[in-house]
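Chains, contacts and geometry: an overview
Read off the chains here:
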Amino acid sequence: MTLTPTRAVDVRVRRLTTTLYGYSFLEEFVLLYPVYALLFSDAGLSVWQISSLFALWSVTAVVLEVPSGAWADAVSRRLLLVLGPLLTGAGFALWVLVPSYAAFAVGFVLWGTGGALSSGALEALVYDELERGGAADRYARVLGRARAAGLVAVMAAMGLAGPVLAWGGHAAVGAASVLVCAVASVTALRFPEHRVAKGVREGWTAALRGGLREARRDRSVRGALVLVPAVAAVWGALDEYTPLLVREAGVGDAAVPGVLLVIWGGATAGSLLAGEGERFGTGGLAVLVGGGGVALAVGALAGTVAGLLLVAVAFGAFQAATVLAEARLQHRIEATGRATLTSVAGLGTELVTLTVFAGYAVVASGHGHGAAFAVAAVPYAVLAVGLAVVRCRRAGAEV
């Protein structure tokens, strides 16, 4: 049977999206995620040592984020998606084979490096392949579903980690995590890639200069680069503190995971609905961000289980807004510097996240987690007003 051109394009797009959804699920379906702090504690590490490991992880991501994006523009992006999970899996293997501070530190460096290789490369590859198939307008919907697949994987890992840990200890959890990373690497081989890496001969530094040159030249690209961390960083940092907020609301420790599943269910719904929000433009994004901020503040200050449902709604709104901000950035970037500039946005998100961690500690230590979550809603109110002003100016210019 001979496929028509349209049919052939649909087949290629379908292969791309199914591979993306599988890869996104496998990247997050790591049973070590919910319990690795227990592994560190059981190995005799102090709280200070554990905190230093997290700092090392963040520093690795910050240092490598932009260079890895430039490298993705200079070489095969699919290759980096294959290598990323392998490095992460090697780090997890070290943790369970040689449980010590040094092994944990090396593992976090490998994990940070693997994540940096995938960051930027994945979004750039997917956008370019969709554009080649005439389906670039589907990017927000596709990315939203991919993020939803990752969130479902996180929830599944939360549910399975406990039973597997009870059955086989940290060795079983670690082995399962390494296996998943290996499967993710093999899955990445299925990604189509028709792009010619023109920057290979000049190296990644040339790709980096080209991407940054585009940002300096195009005001809309600069605005999109700022928007991504403005939307994604704050609520992404709050994720680390949601168990403490849930406990402060009076939920017993045994029920905390169940409530967290509800909150992440809200984020998953936001991912799935993100594609529908793209048609509402800047005004719709302002409403989404502002409404999420109100829901976050009210829900956190309520101090009740019912209030946590509003936090779930807020996370759903922020997740959808994050996908839309990332899609806006991809629409504005020329293909040559796509991975580089995506990584620049990722670097901005990492840096703002570190600032949020510091600010959260100051507020929460004196006023509690509910107050800290409410304060974290303020930047979203400011962002919503800024987006509304931009929308009004554009409307006035069109009259």
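Everything below is about the structure shown above.
Below, the structure is looked at part by part. (Residues numbered from 1 in each chain as written. Predicted model: local features only at pLDDT ≥ 70, side-chain atom pairs only at ≥ 80, totals over all residues. Heavy atoms only, no water.)

1. Examining the overall build of the protein
As a reminder, the rule being used: Think of it this way: any DSSP run of H or I at least four residues long counts as a helix, any run of E at least two long counts as a strand, and we number them from the N terminus. The globule rule used here is 2.2 Å times the number of residues to the 0.38 power, and the radius of gyration it is set against is calculated over C-alpha atoms. Burial status follows relative accessibility: with a 1.4 Å probe on protein chains alone, a residue under 20% of its type maximum counts as buried, one over 50% as exposed, and anything between as partly exposed. A contact between two residues is defined here by any heavy atoms of the two lying within 4.5 Å. Here the accessible surface of atoms and residues is derived via Shrake-Rupley with a 1.4 Å probe, and residues count as covered only by protein chains that are part of the display. By the counting rule applied here, Lys and Arg register as positive and Asp and Glu as negative, while His and the ends of each chain are not counted. To locate a charge, take NZ of a lysine, CZ of an arginine, CG of an aspartate or CD of a glutamate.
Looking only at helices and strands, the protein features 16 helices and zero strands. Its C-alpha atoms give the protein a radius of gyration of 21 Å, within 12% of the compact-globule value 21 Å for 399 residues. For the protein, buried positions account for 50% of its 399 residues. Long-range pairs, those at least 24 residues apart, make up 84% of the contacts in the protein with a sequence separation of at least 6. As presented, the protein carries roughly 17,600 Å² of accessible surface, and 67% of it is formed by carbon and sulfur atoms. The average position of the 29 basic charges and that of the 25 acidic charges among the side chains of the protein differ by 8 Å.

2. A short note on empty space enclosed by the protein
The criterion, for reference: Both cavities and pockets are sets of points on a 1 Å grid over the protein atoms alone; in a cavity a 1.4 Å probe fits but cannot get out, in a pocket the set is open with protein on both sides within 12 Å along at least five of seven lines, and lining residues sit with an atom within 4 Å of a point. Grid points are joined across faces, edges and corners, and a volume is the space filled by probe spheres set on the points.
Within this structure, the stated rule accounts for two cavities of 30 Å³ or more. Each pocket or cavity is described by its volume, and for the largest cavity that value is around 60 Å³. Breaking the lining of the largest cavity down by element, the ones donating at least two residues are α1 (5-28) and α6 (121-132). Among the elements that take part in the lining of the largest cavity, α1 stands out by supplying three residues, more than any other. Empty space within the second largest cavity amounts to approximately 30 Å³.

3. What to know about the environment of valine 256
Inspection of the secondary structure puts valine 256 in helix α11 (residues 256-277). Among the residues examined, valine 256 registers a relative accessible area of 10% and is labelled buried. Setting aside chain neighbours within four positions, we find valine 256 in contact with Pro243, Val246 and Val251.

4. Quick notes on the pattern of salt bridges
Heads up, the condition is: Every case where a carboxyl oxygen of Asp or Glu lies within 4 Å of a side-chain nitrogen of Lys or Arg is listed as a salt bridge.
Counting across every chain of the model gives five salt bridges. Between arginine 147 and glutamate 123 there is a salt bridge, with the nearest N and O atoms lying 3.6 Å from each other. With a gap of 24 residues between them, arginine 147 in helix α7 (residues 139-188) and glutamate 123 in helix α6 connect regions that are remote in the sequence. Across the salt bridge formed by arginine 147 and glutamate 326, the nearest N and O atoms sit 2.9 Å from each other. Taken together, the positions of arginine 147 in helix α7 and glutamate 326 in helix α13 (residues 305-332) put the pair 179 residues apart, joining distant regions of the chain.

5. Section: the environment of glycine 159
With respect to the helices and strands, glycine 159 occurs in helix α7. C-alpha separation for the pair glycine 159 and leucine 261, spaced 102 residues apart in sequence, amounts to 9.2 Å.

6. Some points on the packing of helix α9 (residues 219-238) against α13
Quick reminder of the rule: Helix axes use the C-alpha atoms of the stretch in contact, all axes being lines fitted to C-alpha atoms, and the angles between their N-to-C directions lie in the range 0 to 180 degrees. Each angle receives one of four descriptions, namely roughly parallel if under 35 degrees, roughly antiparallel if over 145, roughly perpendicular if within 65 to 115, and oblique otherwise. Should the near helix be turned anticlockwise from the far one by less than a right angle, the crossing is termed left-handed; should it be turned clockwise, right-handed. In the scheme used here, Gly and all other residues not listed as nonpolar or charged are polar, with Ala, Val, Leu, Ile, Met, Phe, Trp, Tyr, Cys and Pro taken as nonpolar and Asp, Glu, Lys and Arg as charged.
It is the contact of α9 with α13, at a shortest axis distance of 9 Å, that shows an interaxial angle of 155°. Relative to α13, the element α9 is oriented roughly antiparallel. At the point where α9 passes α13, the crossing takes the left-handed sense. Contacts from Ser220, Val221, Ala224, Leu225, Leu227, Val228, Val231, Ala232, Trp235 and Leu238 of α9 reach α13 at Phe315, Phe318, Gln319, Ala321, Thr322, Ala325, Glu326, Arg328, Leu329 and Arg332. Residue classes in the contact of α9 with α13 are distributed as 14 nonpolar, three polar and three charged.

7. A word on the side chain of threonine 113
Where we set the bar: Under this definition, polar contacts are N or O atom pairs within 3.5 Å; protein pairs additionally need one hydrogen-donor-capable and one acceptor-capable atom, and for neighbouring residues in sequence, both atoms have to be side-chain atoms.
Here threonine 113 shows up in helix α5 (residues 101-118). For threonine 113, the side chain forms a polar contact with the main-chain oxygen of valine 109, separated by 2.7 Å.

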